[in-house]
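# A structural walkthrough
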Amino acid sequence: MTPPVKGDGMRGLSVFISDIRNCKSREAEIKRINKELANIRTKFKGDKTLDGYQKKKYVCKLLFIFLLGHDIDFGQKEAVNLLVSNKYTEKQIGYLFISVILNHESDLMRLIIQNIKNDLSSRNPIFITLALQCIANIGNREMADAFAQDIPKLLVSGDTLDTVKQSAALCLLKLIRTAPELMPTGEWTTRIIHLLNDQHLGVVTAACSLIDILVKRNPEEYKACVSLAVSRLSRIVTSTYTDFQDYTYYFVPAPWLSVKILRLLQNYPPPEDPSIKSRLNECLDTILQKAQEALKSKKLQHSNAKNAVLFEAINLIIHIDSEPNLLVKACNQLGNFLSHKDTNLRYLALESMCLLATSEFSHEAVKKHQETVINALKTERDISVRQRAVDLLYAMCDRTNAEEIVKEMLAYLETADYHIREEMVLKVAILAEKYAVDYTWYVDIMLNLIRIAGDYVSEEVWYRVIQIVVNRTDVQGYAAKTVFEALQAPACHENMVKVGGYILGEFGNLIAGDPRSSPLVQFELLHSKYHLCSPQTRCLLLSTYVKFINLFSEIKQQIQHVLKQENNLKSSDVEIQQRSVEYLQLSMIADADVLATVLEEMPSFPERESSILSSILQKKKPPMETIGQKEEKIEKTTTNVQNGHEAKLGQVQSIANVQPVDLIGLNSTPPSTKNHTPTAVTPLKSDQEALLDIFGGPVPAPVQSVPVSNNNLDSLFSDTFGVPTQVVSEVSQFNPILSIQDNHMQFIFTNVDTLFENEALKIFIKCEFKQNLARLTLTFLNKTNFVFQNFSVESTGNNDLVRVLPRALETNAISSQSELAQILNVECVNDFIECPQVLVQFSCEGTQSKFELNLPVFLNKFFDPVQMDSQTFFTRWKNLANPGQEQQKIFKANFPIDKDRNSQTLINFGWSSLTGIDPNPENFCGAGIIHTSTQQYGCLYRLEPNRQAQMYRLTIRSNKESISKRLVELLDNQF
Amino acid sequence: MIGGVFMYNHKGEVLISRIYRDDIGRNAVDAFRVNVIHVRQQVRFPVVNIARTSFFYIKKSNIWIAVVTKENINAAMCFEFLNKAVEVMQSYFGKISEENIKNNFVLIYELLDEILDFGYPQNSDVGILKTYITQQGVKSQSKEETSQITNQVTGQIGWRREGIKYRRNELFLDVLEYVNLLMSPQGQVLSAHVAGKIVMKSYLSGMPECKFGINDKLTLDSKGKSSASGTESAGNLVGGSGKSSIAIDDIQFHQCVKLSKFESDHSISFIPPDGEFELMKYRTTKDINLPFRVIPLVKETGKGKMEVKVIVKSNFKSTLIGQKIEVRIPTPPNTCGVQLICIKGKAKYKASDNAIVWKIKRMGGMKESQLSAEIELMSNEKKKWTRPPISMSFEVPFAPSGFKVRYLKVFEPKLNYSDNETIKWVRYIGRSGLYETRC
């Protein structure tokens with residue numbers, strides 16, 4: 001090794017640099033540089049050949065000028081010439097210039113690569129290292145292509161020096177980052193893995209980084225590294241700090257390497273081999289124990305290094321998540337840190353604890369620190385730490401401590417920093433809803449929340465409050481009373497007014513009995529806030545007023561007076577104006593019955609996941625995401641309460657206002673399914689046909705043929721659906737046009753069709769799917785001349801894997817020749833085989849009929865197609881090789897083998913049909929993700945047709961056995 | 001109004017900071033330093049707005065002088081003030097430099113207090129300022145003197161004090177013109193204008209009233225009209241000679257000129273301040289007599305070589321002589337060697353400026369001179385050279401715009417010396433402004 005020669009200072013260079021430093025102005029600097037550049041140009045152009053020293057000096061000057069921010073467009077050739085030199089300093093400057101200045105598409109690249117190749121094969125390790133550094137610094141594709149072969153060789157060869165190996169590993173790492181497909185495979189794998197066993201710790205450290213990235217790309221192939229890594233780790237952990245002289249950092253043996261190994265291990269599930277597993281657990285245990293020991297040095301570096309290893313070990317423990325013992329120990333260790341005087345430690349401890357709280361084993365252990373965390377929230381000076389404390393409280397909350405945590409968070413909210421308030425509000429809202437046993441408690445908390453942090457309460461939060469109050473009859477009275485009291489405060493937040501307005505409008509009658517909250521008092525209370533509110537809120541209040549007209553006719557005068565006021569009737573806000581005008585007209589024209597129908601109490605909201613949760617998920621950072629995954633998957637709800645509240649009013653109004661004319665001349669519009677306006681019940685027959693035509697269903701049979709007998713009707717249903725009703729009929733005169741089961745399977749590929757039809761009843765279905773949710777619209781057409789009464793559709797509730805929630809019907813009667821739409825919300829909880837069922841009931845002419853209807857909801861409906869390239873496909877394919885994950889079936893072709901048709905069938909099935917993936921172009925493959933509320937399942941398939949034998953082989957792989965099986969069943973015989 | 005005045009050296013250190021109004025905080029000093037002086041790319045606009053504070057600045061040698069305000073004030077006024085302040089300081093201690101400012105900071109603060117009051121510009125006439133801001137120590141002044149100063153400052157003629165006496169009444173008049181030109185390689189004038197000014201040095205006793213006549217077309221025409229049309233011969237003389245009157249585009253006078261008189265009968269009359277002052281500024285764009293012509297010939301002869309030939313022709317009366325002639329020929333940035341041949345003057349390649357500089361000390365009228373250069377280039381195909389224009393500087397003893405002083409009459413009613421007794425000197429100097437020829 002030749003160390004850089006001392007006294008090799010380039011005088012010209014230092015003079016130049018000091019000249020530049022002494023320049024008083026920028027102009028002077030530019031002048032000096034121009035002069036120098038001209039000088040260098042003449043020197044380079046001149047006839048005299050320059051010796052190595054001079055070249056080096058001028059190249060150095062150019063480099064310096066470049067670093068000052070000037071463009072350099074010459075000198076590359078001279079720099080490349082320097083590479084040929086045998087002197088270390090000259091070579092070094094040459095490489096330096098090339099790595100700093102050379103742009104990637106330089107035409108000198110080839111020459112440079114040739115020079116680097118020469119150096120790589122040189123005997124002098126310093127030259128090799130210089131070359132490797134240069135490759136890594138440039139690190140472009142060209143470099144990757146040129147050296148993809150040489151560097152792995154250098155890396156594993158026996159006679160390379162350790163330092164060179166180290167550089168080679170890091171250089172390869174850089175190249176793999178730019179060109180992942182060039183990664184060494186096959187024979188190199190084991191040899192690279194065995195670098196973990198190298199004597200030299202530097203090599204191991206470098207190799208560890210390399211293996212980490214290789215593992216991330218191809219976990220299967222590098223699986224063997226786990227055992228080596230564990231044994232290496234245990235050697236480090238069990239050693240004392242005196243064992244590794246150069247690699248001991250402030251009494252901690254090889255901290256960087258330990259951290260890297262611990263990270264590497266996080267790429268894999270816990271080792272299956274019990275001996276390795278126990279060894280790993282021992283290591284982790286030792287690390288935890290070492291943390292307890294007294295510090296060997298007071299220096300900050302010592303504790304930093306030690307804690308770095310500890311935290312990475314805890315991350316690994318959390319990743320493994322199966323060792324209650326270790327988890328609890330880790331938790332206790334973190335608990336110590338919670339009151340440590342170093343802020344960073346407190347932050348990290350809280351962050352890791354957040355993860356621990358999500359593990360079932362350590363959840364209880366985390367809960368022990370509740371006091372400390374709450375204390376941290378109150379006393380901590382660093383805001384980021386406080387934020388972590390909030391996260392942790394949220395994560396550790398469960399039914400037992402919810403009340404206390406929510407109380408603490410509410411208390412803290414009053415003093416919390418402004419920019420975490422919104423997030424805290426969301427968290428409080430979620431916890432309160434999730435763990436509410438007593439809904440009066442929930443209402444109290446939410447109203448408090450709005451009172452304390454009204455500005456930070458987003459729309460979703462108060463929508464949710466209203467949803468819950470509307471859906472839960474038991475709290476409505478209490479809620480009305482509480483909001484009434486809350487509104488009495490002299491200054492109310494606008495959100496409070498909104499909630500108050502809505503709730504009083506709906507349930508004000510529940511507290512009207514009390515003279516202190518008589519209708520007039522309620523109205524005056526609300527109206528006292530009216531002028532302080534934004535137009536949006538005013539609109540809501542106007543709706544409340546019109547609802548009051550319905551609820552309490554005695555204050556109609558006052559309300560009409562308000563509606564008549566100039567600032568409402570002639571408001572500059574169009575919405576307010578329209579509402580005032582329409583509500584006023586409504587209150588004057590319509591009689592009490594119409595009013596009661598129009599202004600009826602809002603129906604319950606369909607149960608769905610809180611939209612607040614999704615909004616918090618969108619916001620959140622890593623720790624929250626993991627929590628989010630453990631919670632149920634949520635669809636973001638788009639409709640909001642307010643719209644719902646208004647929509648109904650609006651709809652009804654238009655009917656009320658324009659009634660006679662419109663309904664008679666209705667030819668062009670499909671009949672309304674709403675039956676509460678008396679004229680709307682007899683739509684024209686032609687309309688109906690047209691309607692059905694649009695949906696592609698057959699035109700219904702002539703109405704006249706419908707039998708008049710109740711018995712017949714009953715028997716009809718019992719026959720068709722195989723569910724006995726009270727009367728069993730002798731003859732079934734009407735054979736169903738379509739049998740339910742036959743028709744059923746076609747829905748695997750379509751979403752809209754006639755589900756069932758006979759002479760009396762036709763059921764038409766339309767399905768819409770989105771991730772794990774579905775909305776089915778069942779349209780029942782009564783073809784008889786009788787009225788079906790007490791019509792209802794209910795979930796049978798015997799399928800836990802697919803939940804069906806019927807939306808409340810607006811009416812429960814279907815008159816003759818008319819139809820009724822029933823919307824069902826379906827949620828896929830987990831993978832399922834049985835189709836969900838609903839129970840349909842109605843009575844006709846006093847006879848009860850009921851039958852179970854299979855809904856055409858299949859597992860494949862919850863597919864999202866996935867596009868991927870060949871490499872990812874086969875990597876994933878290989879990953880799903882466990883027994884059971886693959887299901888295969890060979891079957892005969894039902895149809896002539898047609899490529900386009902098959903591809904279309906596969907796409908209709910819901911997953912992607914990818915071309916150019918499989919080496920055989922005849923084959924089909926593709927991928928999809930099944931969304932369920934609990935989990936997502938990735939599925940891959942290959943369909944291999946055999947034209948000679950007219951056979952297919954279908955292979956499906958997914959991460960759950962039952963899914964693969966079910967998918968094969970569904971696809972079987974479809975080709 | 002002006003909120004404060006700051007001066008910085010080239011490193012951005014504050015030398016002088018005088019704040020006149022409360023709305024300007026201390027942080028404004030730093031804001032300017034950070035956002036203008038220390039930014040890497042040069043800020044090229046003279047007015048910068050940082051955090052609702054406007055900075056108007058000029059740079060004199062290495063000193064930055066900035067006026068700061070929060071209000072929406074007249075920008076031209078700010079620059080006028082800045083230039084005036086520089087003029088005042090120069091007359092007190094010479095060149096503006098860091099050292100001079102550091103040595104005279106007491107004086108500078110005193111001056112700043114005098115020429116700006118609560119942000120409103122006050123009297124900035126050097127002659128008057130020098131009567132009561134002196135560099136000598138504190139001198140107790142008699143009551144009379146102080147009352148005189150007060151009268152002076154508040155009086156009608158603020159620029160001249162009474163009781164001045166000279167043995168010889170003398171005045172000097174310099175007509176200074178700057179010619180700006182941009183010419184195409186083919187010799188077509190793309191744009192040209194002359195910016196001129198008249199600087200006067202007066203050493204006159206008492207309170208003389210002067211009348212000044214120039215060959216301005218407008219003045220002469222109106223005169224011609226107002227004087228009886230019968231004097232045809234005079235009218236013919238003016239119209240016939242053509243060149244004898246010039247069209248002035250723009251004109252600006254010193255405050256001593258009575259504008260009302262100029263408005264009514266186009267005569268320039270004034271009571272001059274004592275000593276040197278700038279009587280008027282003007283601009284013309286028509287009928288400019290261009291003193292020199294540059295004819296460039298640039299040939300790229302094959303790879304790595306270039307030939308440049310430049311001919312300079314003088315275009316004025318052969319009896320006159322041009323001086324301080326300098327031609328600056330830009331060279332490509334990849335120049336690595338230059339050979340020069342010139343018959344007259346000295347030529348040199350200046351690498352630091354990327355240009356060939358050709359200097360000729362004197363050159364008579366109607367002559368021409370030639371320079372040829374061979375430039376060796378480093379091979380570099382990537383960037384095309386943009387060929388900046390060849391620029392030139394010179395000094396000639398006439399006014400290129402054709403401006404002429406017709407008369408300057410002095411009347412002093414109280415002291416009896418007549419116009420004929422005063423000695424008057426008139427000098428014409430034509431200089432180059434931005435005098436460029438494309439190549």
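Check the entry above for the structure.
From a predicted model like this one, the values you see are computed outputs, not experimental measurements.

Right, let's talk about the side chain of Gln522(A) for a bit. All names here are of chain A. Checked against the element boundaries, Gln522 lands in helix 28 (residues 519-530). We classify Gln522 as buried; its relative accessible area is 0%. Setting aside its immediate chain neighbours within four residues, Gln522 contacts Phe484, Leu504, Gly508, Ile511, Ala512, Ser517, Phe548 and Phe552.

The next subject is the sheet that holds strand 13 (residues 924-931) of chain A. Residue and element names in this part refer to chain A. In space, the five strands of this open sheet follow the order 11-13-14-15-12, with antiparallel pairing throughout. If you trace the sheet from one side to the other, it starts and ends with strand 11 (863-866) and strand 12 (886-892), each paired once. Ignoring which end each strand starts from, the neighbouring axes of this sheet average 25° apart. Pairing geometry for strand 12 and strand 15 (residues 951-958), over seven bridges, is antiparallel. Bridge pairing links Lys892 to Met951 in strand 15. Most of the contacts of helix 40 (residues 870-879) go to strand 14 (residues 936-946), to which it runs at about 105°, and overall it touches strand 13, strand 14 and strand 15. Lying over the sheet, helix 42 (residues 961-971) contacts strand 11, strand 12, strand 13, strand 14 and strand 15, oriented at roughly 150° with respect to strand 15.

Here we take up the packing of helix 29 (residues 535-551) of chain A against helix 30 (residues 556-564) of chain A. Residues and elements named next belong to chain A. For the pair helix 29 and helix 30, interaxial distance at closest approach is 9 Å and the crossing angle is 150°. Compared by their axis directions, helix 29 and helix 30 come out roughly antiparallel. Seen along the crossing, helix 29 lies across helix 30 with a hand that is left-handed. Taking contact as the criterion, the partners of Leu542, Tyr545, Phe548 and Ile549 in helix 29 are, on helix 30, Lys556, Ile559, Val562 and Leu563. Along the lines of polarity and charge, the residues of the contact of helix 29 with helix 30 split into seven nonpolar, no polar and one charged.

Take the pairing of strand 15 (residues 305-314) of chain B next. Residue and element names in this part refer to chain B. Where strand 14 (residues 292-299) and strand 15 come together, eight bridges link them in antiparallel fashion. Residue pairing across strands places Val298 opposite Val308, the latter belonging to strand 15. Linkage of strand 14 to strand 15, two consecutive antiparallel strands, is achieved through a turn of five residues, within which Gly302 is found at a positive phi near 70°. Inspection of the sheet shows strand 15 paired to strand 20 (residues 368-377) by nine bridges, in the antiparallel sense.

A few words on the nonpolar core. All names here are of chain A. Ile116 and Tyr545 are the most contacted members of the largest nonpolar core, which has 196 residues in total. Contacts of Tyr545, omitting those with residues within four sequence positions, involve Phe523, Leu526, His527, Tyr530, Ile559 and Val562. Residues Phe780, Cys835, Phe909 and Leu943 belong to the second largest nonpolar core, which totals 59 residues.

About the thresholds
Residues numbered from 1 in each chain as written. Chains lettered and ligands numbered in written order. Predicted model: local features only at pLDDT ≥ 70, side-chain atom pairs only at ≥ 80, totals over all residues. Heavy atoms only, no water. Helix = DSSP H or I, 4+ residues; strand = E, 2+ residues; numbered from the N terminus. Buried < 20%, exposed > 50% of the residue type's maximum accessible area, 1.4 Å probe, protein only. Contact = heavy atoms within 4.5 Å. Pairing = 2+ DSSP bridges. Axes fitted to C-alpha atoms, helices over the stretch in contact; angles between N-to-C directions. Parallel < 35°, antiparallel > 145°, perpendicular 65-115°, else oblique. Left-handed = near helix turned anticlockwise from the far one by under 90°. Nonpolar A, V, L, I, M, F, W, Y, C, P; charged D, E, K, R; others polar. Core = buried A, V, L, I, M, F, W, Y, C linked by side-chain atoms within 4.5 Å.

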